[in-house]
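Here is what each chain is made of, one letter per residue.
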Amino acid sequence: REFQIDIQAGKAGRATIKDHEIIIYIACCLVKMNKAKLPISNVVDVSVHDFLKTTNRKGSGSNYKQFEQSLERLKTTVFTVIQNDNTNQFPEQFTLISDYSFENASSGYTVEIEIPAWILNVVMSKKVVYLAKSYFDISNPTLRRLYEICQIKCGDRDAQIISLQNMLKLTGLKCPMHKFRAFFKGSLNRYRDWE
């Protein structure tokens, strides 16, 4: 099926790959809760301090503010998927989080985040890709995307062959192949020893 995705930013701007860290963190929390056989719902309590520590950020006031701005972008960025089925189009809209609310606690800020049912279903179906803690050391968005693609394609296998042309397509970059090849080779040499 052919489809197209329309992304509408809210007043806070469009969600970024750095904002995506919050979704990754929530997914990890849910997986841990599931393994511990704890009750799970689409509302998750998140310690902002723990999130900042896990993602290698300092617990400064500016990072707390950036965290709140990330939540707002995740809540207000609207994705519309339009599937073309013969002459009919079936749009479906979704956001990355449904809602959030902050609370003050003795240990620091805690935020209650409500995630959409589709994210909860993906996590519960065990379709979550493992990301090493080193992932959060990557500052370049394209490198993060390359890491995610490699993890998804390889899974539990020792190796997987992906053509450079397909890799470029999967990143969504619009650049000449020779530039992407040079960027990819440089990135590969830099992170060759990562697990």
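Just so it is clear, the structure is predicted and the values come from calculations on it, not from any experiment. (Residues numbered from 1 in each chain as written. Predicted model: local features only at pLDDT ≥ 70, side-chain atom pairs only at ≥ 80, totals over all residues. Heavy atoms only, no water.)

A closer look at the overall build of the protein
Here is step 1: When helices and strands are tallied, the protein shows seven helices and six strands.
Here is step 2: For the protein, the α and β elements follow one another from N to C terminus as β-α-β-α-α-β-β-β-β-α-α-α-α.
Here is step 3: A burial count over the protein gives 32% of its 195 residues as buried.
Here is step 4: Within the protein, residue pairs in contact and separated by at least 24 positions form 57% of the contacts whose partners lie at least 6 positions apart.
Here is step 5: In the structure as shown, the protein presents an accessible area of about 12,900 Å², 51% of it carried by carbon and sulfur atoms. (Helix = DSSP H or I, 4+ residues; strand = E, 2+ residues; numbered from the N terminus. Buried < 20%, exposed > 50% of the residue type's maximum accessible area, 1.4 Å probe, protein only. Contact = heavy atoms within 4.5 Å. Areas by Shrake-Rupley, 256 points an atom, 1.4 Å probe, with all protein chains shown as cover.)

Side note on the nonpolar core
Here is step 1: Among the nonpolar cores identified, the biggest contains 27 residues, and Val 46 and Ile 113 are the most heavily contacted of them.
Here is step 2: Residue contributions to this core peak at seven residues, all from helix H1 (residues 20-35).
Here is step 3: In this structure, Ile 113 is in contact with Ile 22, Ile 26, Asn 42, Val 43, Val 44, Val 46, Leu 71, Ile 97, Asp 99 and Tyr 100, ignoring residues within four places of it in sequence.
Here is step 4: Ala 132, Ile 138, Leu 146 and Tyr 147 belong to the second-largest nonpolar core, a separate cluster that totals 13 residues. (Core = buried A, V, L, I, M, F, W, Y, C linked by side-chain atoms within 4.5 Å.)

Some points on the packing of aromatic side chains
Centre distance and the angle of the planes are the two values used to describe a pair of aromatic rings.
Here is step 1: Scanning the entire structure with this criterion turns up eight aromatic pairs.
Here is step 2: By way of ring pairs, the aromatic residues Tyr 25, Phe 51, Tyr 64, Phe 67, Tyr 100, Phe 102 and Tyr 109 are connected into one cluster. (Phe/Tyr/Trp six-rings, centres within 6.5 Å; stacked < 30°, edge-to-face > 60°.)

A short note on the confidence of the model for the protein
Here is step 1: For the protein, mean pLDDT is 81; residues scoring 70 or higher make up 84% of the total.
Here is step 2: For the protein, per-element mean pLDDT is lowest for strand E4 (residues 88-94), which scores 70, and highest for helix H3 (residues 61-76), which scores 91. (pLDDT = per-residue confidence, 0-100.)

A look at the side chain of Asn 63
Here is step 1: Structurally, Asn 63 can be placed in helix H3.
Here is step 2: Given the relative accessible area of 12%, Asn 63 is considered buried.
Here is step 3: A distance of 2.7 Å separates a polar side-chain atom of Asn 63 from the backbone oxygen of Lys 58.
Here is step 4: Beyond its immediate sequence surroundings of up to four residues, Asn 63 is in contact with Leu 52, Arg 57 and Lys 58. (Polar contact = N/O pair within 3.5 Å; in protein donor to acceptor, adjacent residues only side chain to side chain.)

Structural notes on helix H6 (residues 164-171)
Here is step 1: Those residues of H6 that fall on the buried side of the exposure criterion are Met 167, Leu 168 and Thr 171. Taken around the axis of H6, the buried residues stretch over an arc of 100°, which confines them to a single face. More than 90 degrees from the buried face of H6, the exposed residues found are Gln 165 and Lys 169.
Here is step 2: Taken from the residues just after H6, Gly 172 is the one with a positive phi, measuring 80°. (Arc of directions from axis to C-beta.)

Regarding the pattern of salt bridges
Here is step 1: Tallying each qualifying case throughout the model produces five salt bridges.
Here is step 2: Here Lys 18 makes a salt bridge to Glu 21, at a shortest N to O gap of 3.5 Å.
Here is step 3: The exposure class assigned to Glu 21 is buried, which follows from its relative accessible area of 0%.
Here is step 4: Salt-bridge contacts for Arg 144 lead to Glu 21; the nearest nitrogen and oxygen are separated by 2.5 Å. Placement of the pair is Arg 144 in helix H5 (residues 141-154) and Glu 21 in helix H1, with a sequence separation of 123 residues.
Here is step 5: Through salt bridges with shared partners, one network takes in Lys 18, Glu 21, Arg 57 and Arg 144. (Salt bridge = Lys/Arg side-chain N within 4 Å of Asp/Glu carboxyl O.)

Remarks on unusual backbone geometry
Glycine aside, a negative phi is what most residues show, and trans is what most peptide bonds show.
Here is step 1: If you check the backbone angles, Lys 37 has positive phi at about 60° while not being a glycine.
Here is step 2: Mapped onto the fold, Lys 37 is located in the loop between H1 and strand E2 (43-47).
Here is step 3: Backbone geometry places Asn 56, a non-glycine residue, at a positive phi of 60°.
Here is step 4: For Asn 56, the location among the structural elements is in the loop between helix H2 (48-54) and H3.

Some points on the side chain of Thr 171
Here is step 1: With respect to the secondary-structure elements, Thr 171 resides in helix H6.
Here is step 2: Polar side-chain contacts of Thr 171 include one of 2.7 Å to the backbone oxygen of Leu 168.
Here is step 3: Beyond its immediate stretch of four places on either side in the chain, Thr 171 contacts Arg 145, Leu 146, Ile 149 and Phe 180.

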